Amino acid sequence: MNKINRLAAIVMALQHGLETAHSLADKFEVSRRTILRDIQSLSEMNVPIIAISGPGGGFRLMEGYVLPPLQLDPVEAATLIFALEGISHYSDTPFQEKRWTVMDKIKGIIPDDVMARIDPMLKQLNHCIPERNYILHHLEPLLACIPEQGWLRILYRSAARQRWIQIRPIRIYASAGFWYCDAYSEEHGEQRVFRVDRILEAESIDSSITEQLTIDAERELSQPRPMAKPAVRIRARLSYCAMVEAEQERHIGEKLTEIAPDLWELSFLCPADQWEWAVRFFYRLGREAEVIEPEELRSEIRQHAEDVCRLYVCANPNSVQLHKRRCPNHDYRADCNL
């Protein structure tokens, strides 16, 4: 970002409230010294910036100062439209109706010559988001609760059952085509993740009850937790196909190292509560990956493979004969419980 664009961006950031030199430096990826020089330049250009010293201080604009109408260069315009198009790939979203009106408004303020320049660029960009079919009936109540740290009583359909739960929503986020809600669950006594489209009903809770729920939640969260089992180091060799799969996992995608042409090593610490996920993940990769350590993980993957083998061998008599020729020492009576 050149200096002129950065100066304009600093003024826009200050329009939203107080900023420190450190926060501005992080935002624009420059040094704190550069930000201080930029603030000085803006002051010399008669931009009314107020410096507040001491703890909690920083910079802000004088009350009532506003920027002239928004101007976008081609790359900024393309960035904004591309981001808005990403939301349109979700079956349902927060602010469902507004996503289209804001797109029209943005395109309306972009000059025709700029649109002509960015259209070819946008046609070469795409969001890879799986198509899902759902309606978010209760997203708005979740969003309304978050600023006030409010509570909701929801009827939630999990993979195993359906039941009523009292939750305090914390944040909403999207991943792989679904919307999720991080929330404190009164039933579980901890923070849990809920898929928003699985919320069948949502009811507000009387304030006389939520006050006690909040007290109980804060007390529960302040309690010392039992010492968790130590994380386990997992190391595996992956083919190109397996590497592509691993890259898409947000917790391990950055843990890959190419060690030879078409061969990658994945090494990461697996939390104890994610062990079952690790077993399923590496089993799903099949022959495209080999776990090097730990031996316990290798053993569980092997057990999964044997279970699946028994399922298919016993289901088809012809496959039994074929497998007998390949593995003459295998005990088929034990496999099929004969």
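What counts and what doesn't
- Residues numbered from 1 in each chain as written.
- Predicted model: local features only at pLDDT ≥ 70, side-chain atom pairs only at ≥ 80, totals over all residues.
- Heavy atoms only, no water.
- Helix = DSSP H or I, 4+ residues; strand = E, 2+ residues; numbered from the N terminus.
- Buried < 20%, exposed > 50% of the residue type's maximum accessible area, 1.4 Å probe, protein only.
- Contact = heavy atoms within 4.5 Å.
- Areas by Shrake-Rupley, 256 points an atom, 1.4 Å probe, with all protein chains shown as cover.
- Axes fitted to C-alpha atoms, helices over the stretch in contact; angles between N-to-C directions.
- Parallel < 35°, antiparallel > 145°, perpendicular 65-115°, else oblique.
- Nonpolar A, V, L, I, M, F, W, Y, C, P; charged D, E, K, R; others polar.
- Phe/Tyr/Trp six-rings, centres within 6.5 Å; stacked < 30°, edge-to-face > 60°.
- Lys NZ or Arg CZ within 6 Å of the ring centre and 35° of its normal.
- Salt bridge = Lys/Arg side-chain N within 4 Å of Asp/Glu carboxyl O.
- Arc of directions from axis to C-beta.

Q: Quick question: what am I supposed to make of the overall build of the chain here?
A: Looking only at helices and strands, one finds 13 helices and 11 strands in the chain. Residues classed as buried in the chain amount to 34% of the 338 residues present. Contacts in the chain between residues at least 24 apart in sequence constitute 55% of all its contacts with a sequence separation of at least 6. Taken as a whole, the chain presents about 22300 Å² of accessible surface, with 52% of it coming from carbon and sulfur.

Q: What's the story with the packing of helix H2 (residues 21-28) against helix H3 (residues 32-44) in this structure? I'm lost.
A: In a packed pair of helices, the relevant descriptors are the angle between the two axes and the axis-to-axis distance. It is the contact of H2 with H3, at a shortest axis distance of 8 Å, that shows an interaxial angle of 105 degrees. Between H2 and H3, the interaxial angle falls into the category roughly perpendicular. On H3, the residues that touch Ala21, Leu24, Ala25 and Phe28 of H2 are Arg32, Ile35 and Leu36. For the contact of H2 with H3, the class distribution of residues is six nonpolar, no polar and one charged.

Q: What exactly am I supposed to notice about the packing of aromatic side chains here?
A: Two descriptors summarise a pair of aromatic rings, namely the distance from one centre to the other and the angle between the planes of the rings. Taken as a whole, this structure holds nine aromatic pairs when the rule is applied. Centroid distance Tyr156 to Phe194: 5.1 Å. Interplanar angle 85 degrees. Geometry classified as edge-to-face. Here Tyr156, found in strand E3 (residues 152-157), pairs with Phe194, found in strand E6 (residues 190-195); they are 38 residues apart in sequence, far enough to count as distant. Residue classification places Tyr156 among the buried positions, given a relative accessible area of 6%. Ring geometry for Tyr173 versus Tyr180: centroids 5.5 Å apart, planes at 20 degrees, classification stacked. Neither Tyr173 nor Tyr180 differs from the other in exposure class; each is buried. Ring pairing ties together the aromatic residues Phe268, Trp277, Phe281 and Phe282, which thus form one cluster. The cationic tip of Arg195 hangs over the ring face of Phe178; the distance from NZ or CZ to the ring centre is 3.8 Å.

Q: Explain the pattern of salt bridges to me, please; I cannot follow it from the model alone.
A: It is possible for side chains bearing opposite charge to pair when their charged atoms get close. Tallied over the full model, the rule gives 17 salt bridges. The salt bridge involving Arg163 is made with Glu187; its shortest N-O contact spans 3.8 Å. Of this pair, Arg163 sits in strand E4 (residues 162-175) while Glu187 sits in the loop between strand E5 (178-185) and E6, and the two are 24 residues apart along the sequence. By relative accessible area, Glu187 is classed as partly exposed at 38%. Two residues, Arg235 and Glu265, come together in a salt bridge whose shortest N-O distance is 3.3 Å. Here Glu265 lies in strand E10 (residues 263-270) and Arg235 lies in strand E8 (residues 232-238), a separation of 30 residues in the sequence.

Q: Explain H2 here, please?
A: Since the α-helix advances by 3.6 residues per turn, residues separated by three or four positions end up pointing in the same direction. Those residues of H2 that sit buried are Ala21, Leu24, Ala25 and Phe28. For H2, the angular spread of buried residues about the axis comes to 100 degrees, placing them on one side. Seen from the open side of H2, the exposed residues pointing more than 90 degrees away from its buried face are His22 and Asp26. Against helix H1 (3-15), H3 and strand E2 (58-61) lie the buried residues of H2. Positive backbone phi, approximately 55 degrees, marks Glu29, located one or two places after H2.

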